[in-house]
Amino acid sequence: MQLPQSKIDFYREHGFVQIDNVLSPAELDELGQALEEVMLTDAQSSIQTDRAGGNYYKVLNQRVNTWRDHGIMAKYVLHERLAQIALQLTGAPGIRLFHDHALWKMPGDSKATPWHQDFPYWPMHESGALSAWIPLHDVDEHNGCMMFVPGSHKRGKLTGIDLVNPQDIFAFEESAGLAQQSAVKVPLKAGSLTFHNGLCFHYAHANQSEKPRRVLALIYYPDGTRFNGKSHVMTDGLGLQEGAPIKAGIFPLLARQS
Ligand SMILES: O=C(O)CCC(=O)C(=O)O
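Quantities reported herein were computed from a predicted structural model and do not represent experimental measurements. (Residues numbered from 1 in each chain as written. Predicted model: local features only at pLDDT ≥ 70, side-chain atom pairs only at ≥ 80, totals over all residues.)

Participant: Before we move on, could you go through the nonpolar core and cite the residues and values that matter?
Facilitator: By size, the foremost hydrophobic cluster in this structure holds 63 residues, and its most contacted members are Ala86, Ala129, Phe195 and Tyr220. The contacts of Phe195, once residues within four sequence positions are left out, are Tyr11, Phe16, Val17, Ile19, Ile85, Ala86, Leu89, Leu130, Ser131 and Ala132. (Core = buried A, V, L, I, M, F, W, Y, C linked by C-beta atoms within 7 Å. Buried ≥ 20, exposed ≤ 12 C-beta atoms within 10 Å, placed from the backbone. Contact = placed C-beta atoms within 7 Å.)

Participant: Break down the sheet that holds strand S10 (residues 202–204) for me, with residues and values.
Facilitator: The sheet built from four strands is open, its strands ordered S5-S10-S7-S8 with antiparallel pairing. Both edges of this open sheet fall to strand S5 (113–116) and strand S8 (184–186), since each of them pairs with a single strand only. Across the sheet, the axes of successive neighbouring strands diverge by a mean angle of 20 degrees, strand direction being ignored. Pairing between S5 and S10: two bridges, direction antiparallel. Counterpart to His116 in the pairing with S10 is His202. (Pairing = 2+ DSSP bridges. Helix = DSSP H or I, 4+ residues; strand = E, 2+ residues; numbered from the N terminus. Axes fitted to C-alpha atoms, helices over the stretch in contact; angles between N-to-C directions.)

Participant: Tell me about the environment of Ser24, and please be specific about residues and values.
Facilitator: For Ser24, the location among the structural elements is in the loop between strand S1 (16–19) and helix H2 (25–39). Residues Ser24 and Gly191, 167 residues apart in the sequence, show an inter-C-alpha distance of 6.1 Å.

Participant: Account for the pairing of strand S3 (residues 61–64), with residues named and values stated.
Facilitator: Across two bridges, strand S2 (residues 47–48) lies against S3 in antiparallel orientation. Its bridge partner being in S3, Gln48 is matched across the sheet by Arg63.

Participant: Could you give an account of the site of the ligand, with specific residues and numbers?
Facilitator: As a structural note, the neighbourhood of the ligand is formed by Leu60, Leu103, Lys105, Thr113, Asp118, Ser131, Trp133, Gly144, His202, Ala204, Val215 and Ala217. Mapped onto the shell around the ligand, the elements with two or more residues apiece are strand S4 (94–105), strand S6 (130–135), S10 and strand S11 (213–222). Considering only residue class, the shell around the ligand consists of six nonpolar, four polar and two charged. (Near = placed C-beta within 6 Å. Nonpolar A, V, L, I, M, F, W, Y, C, P; charged D, E, K, R; others polar.)

This is how it looks when you write it as structure tokens:
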């Protein structure tokens, strides 16, 4: 899938981009069914970050590394089409998978995902990592679509936000001049998706619908990104040396410049 230069320029200028019609209805059906199977089955090798009733669960019912549980999840998480988009947006020499995560917002007592950057959570020295955010159905502000602050990725890495008891990211000194009012709401049709830079401020509405908001997000990073030595569930126990490139079989190189 060759992106128009206008999409690449938009991503680099604003820190996020919407790309339409990436997955076909048949692919969405296949992916959606596999995701349901993974989310509704216990005792797997993926990691569920909180259980029903927990405070984090009200923000996100999250499972990390669904691709290790299900062949069809692996098919999409490792999909070359998606990694090729990340390659074009970043211009990196190569793109590796960091991890996938299912991000469901459950109906009922649903909380918004507060304004935050992703990069502070990742054990990476250089910035450049990004996420593909792939809804399995139409999303709007009623059922949990995303918002982004254009250009906020240029502010660099700020303090990580607690997603349950959030600090106000707009009150940070480094956020001076960035206003929540400049945020852009991005409703999406099924099959379309967004990519966002790990430094871009983003937010997702609470889910006020009757059904789970079902999203699969894929985190990619430029090949050569170095380990910053911080603890993270994906890198703990791998014996990575601080300052060494983050490389292991669980971080496959999915796309590279030809
Ligand atoms: O889906 C959400 O509610 C938040 C997603 C998010 O923060 C991310 O993908 O980085």
